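Now for the letters of each chain:
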Amino acid sequence: MTADVGALDLKEAGAVLAAEAARFAAFGWMRGTSGNLSVVLSRDPLRLAVTASGHDKGELGPDDVVLVDGRGAAVRGGRPSAEAELHARVAALTGAGAVVHVHTVASVAMGRREPGGMVFRDLEMLKGVGQPAHGVEVTLPVVANSQDMTELGDRLAAARDPRMPAVVVAGHGLYVWGADPRQARHHTEVVEWLLELTLAEG
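Conventions and cut-offs
Residues numbered from 1 in each chain as written. Predicted model: local features only at pLDDT ≥ 70, side-chain atom pairs only at ≥ 80, totals over all residues. Heavy atoms only, no water. Helix = DSSP H or I, 4+ residues; strand = E, 2+ residues; numbered from the N terminus. Rg over C-alpha atoms; globule rule 2.2 N^0.38 Å. Buried < 20%, exposed > 50% of the residue type's maximum accessible area, 1.4 Å probe, protein only. Contact = heavy atoms within 4.5 Å. Pairing = 2+ DSSP bridges. Right-handed = clockwise from strand over helix to strand, strands pointing away. Polar contact = N/O pair within 3.5 Å; in protein donor to acceptor, adjacent residues only side chain to side chain. Axes fitted to C-alpha atoms, helices over the stretch in contact; angles between N-to-C directions. Parallel < 35°, antiparallel > 145°, perpendicular 65-115°, else oblique. Left-handed = near helix turned anticlockwise from the far one by under 90°. Nonpolar A, V, L, I, M, F, W, Y, C, P; charged D, E, K, R; others polar.

*Asks:* I'm lost on the overall build of the protein in this one. Help?
*Replies:* Across its full length, the protein holds five helices and ten strands. Whereas a compact globule of 202 residues would reach a radius of gyration of roughly 17 Å, the protein reaches 16 Å, a difference of no more than 12%. Taking the principal axes of the C-alpha coordinates as reference, the protein spans close to 45 × 30 × 30 Å. Residue burial in the protein is summarised as follows: out of 202 residues, 50% are buried. In the protein, 61% of the contacts between residues at least 6 apart in sequence involve partners at least 24 apart.

*Asks:* What should I look at first to understand the pairing of strand 9 (residues 166-169) in this one?
*Replies:* Two faces, one strand: in a regular strand the side chains alternate between the faces of the sheet. Side-chain alternation along strand 9 places Ala-166 and Val-168 on one buried face and Val-167 and Val-169 on a second face that is also buried. Summarising the sheet, strand 8 (residues 142-143) and strand 9 pair through two bridges and their orientation is parallel. Bridge pairing links Val-142 to Val-168 in strand 9. In this fold, strand 8 hands off to helix 4 (residues 149-159), which returns the chain to strand 9; that crossover is right-handed. Counting the residues that bridge the hairpin from strand 9 to strand 10 (residues 173-178) gives three residues, and of these Gly-171 lies at a positive phi of roughly 70°.

*Asks:* When you look at the sheet that holds strand 10 in this model, what are you seeing that I'm missing?
*Replies:* In a beta sheet, neighbouring strands are held together by backbone hydrogen bonds and run either parallel or antiparallel to one another. Ordered in space as 4-3-2-1-5-10-9-8, the eight strands form an open sheet in which the pairing is mixed. Either end of the sheet is taken by a strand with one partner, and the two such strands are strand 4 (74-76) and strand 8.

*Asks:* It is not clear to me how the environment of Arg-163 should be interpreted in this structure. Could you clarify?
*Replies:* Within the secondary structure, Arg-163 is located in the loop between helix 4 and strand 9. In sequence terms Arg-163 and Ser-42 are 121 residues apart; their C-alpha atoms lie 25 Å from each other. Arg-163 has contacts with Val-129, Gln-131, Val-136, Glu-137 and Val-138, leaving out every residue within four places of it along the chain.

*Asks:* Looking at this structure, how should I read the environment of His-101?
*Replies:* Mapped onto the secondary structure, His-101 falls in strand 5 (residues 98-102). Here the alpha-carbon distance between His-101 and Tyr-175, two residues 74 residues apart in the chain, equals 4.6 Å. Non-local contacts of His-101, meaning those with residues more than four positions away in its chain, are made with Met-30, Gly-35, Asn-36, Leu-37, Glu-83, His-87, His-172, Gly-173, Leu-174 and Tyr-175. At a separation of 3.1 Å, a polar atom in the side chain of His-101 contacts the side chain of His-103. Within the local environment of His-101, its side chain forms a polar contact with the backbone oxygen of Leu-174, the two atoms lying 3.1 Å apart.

*Asks:* I'm lost on the packing of helix 2 (residues 84-94) against helix 4 in this one. Help?
*Replies:* Packed helix pairs are characterised by how far apart their axes lie and by the angle those axes make with each other. Two elements in contact, helix 2 and helix 4, have axes whose closest approach is 9 Å; the angle formed by their N-to-C orientations is 30°. Here helix 2 is positioned roughly parallel relative to helix 4, judged by the angle of their axes. Here helix 2 runs over helix 4; the crossing is right-handed. Facing Glu-85, Leu-86, Arg-89, Val-90 and Leu-93 of helix 2, the residues of helix 4 in contact are Met-149, Thr-150, Leu-152, Gly-153, Asp-154, Leu-156 and Ala-157. Tallied by class, the residues present in the contact of helix 2 with helix 4 amount to seven nonpolar, two polar and three charged.

The quantities given are spatial measurements derived from coordinates; they are silent on function.
Structure (structure tokens):
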């Protein structure tokens, strides 16, 4: 899309994000007002539609979205999530077109259990993040949490495994990305499955 993001583009993005949020909320991954989603609307300059702060993610509408710049600051709309800056950082760093942040029990539990990250191998579900089922080890990094999004972004940049489109933030939740909202959703579901399997195996 062009740098001139219109109101219609923003509303269309809001409708997409509302549908995705409703799906994640139905899984119990965005309880209350927790979590946030974004989609890139332009690259130069970087502009993202981010879910608005303080809304029940199971009840979002097309207007419950904020246009933010590459620093996560609001350009149009209300108040974005406090983590909008990190969404923008992930989009710039990875080239992703959409970012998902959910608060799942498995991601928090495994982040505590494995603060050095989790290594996955020999699992068919790895195909869901674009990796072979066998013969490759893929790391899901865990990074320490921070209320400073610049600091958290630096930790994510230093720790991420380019083969794994996700990072666990310790004590907080999961960040996942993809080329578009659909791929980001699929990646989120796959990574959460991997976390739930590891947690169940104890």
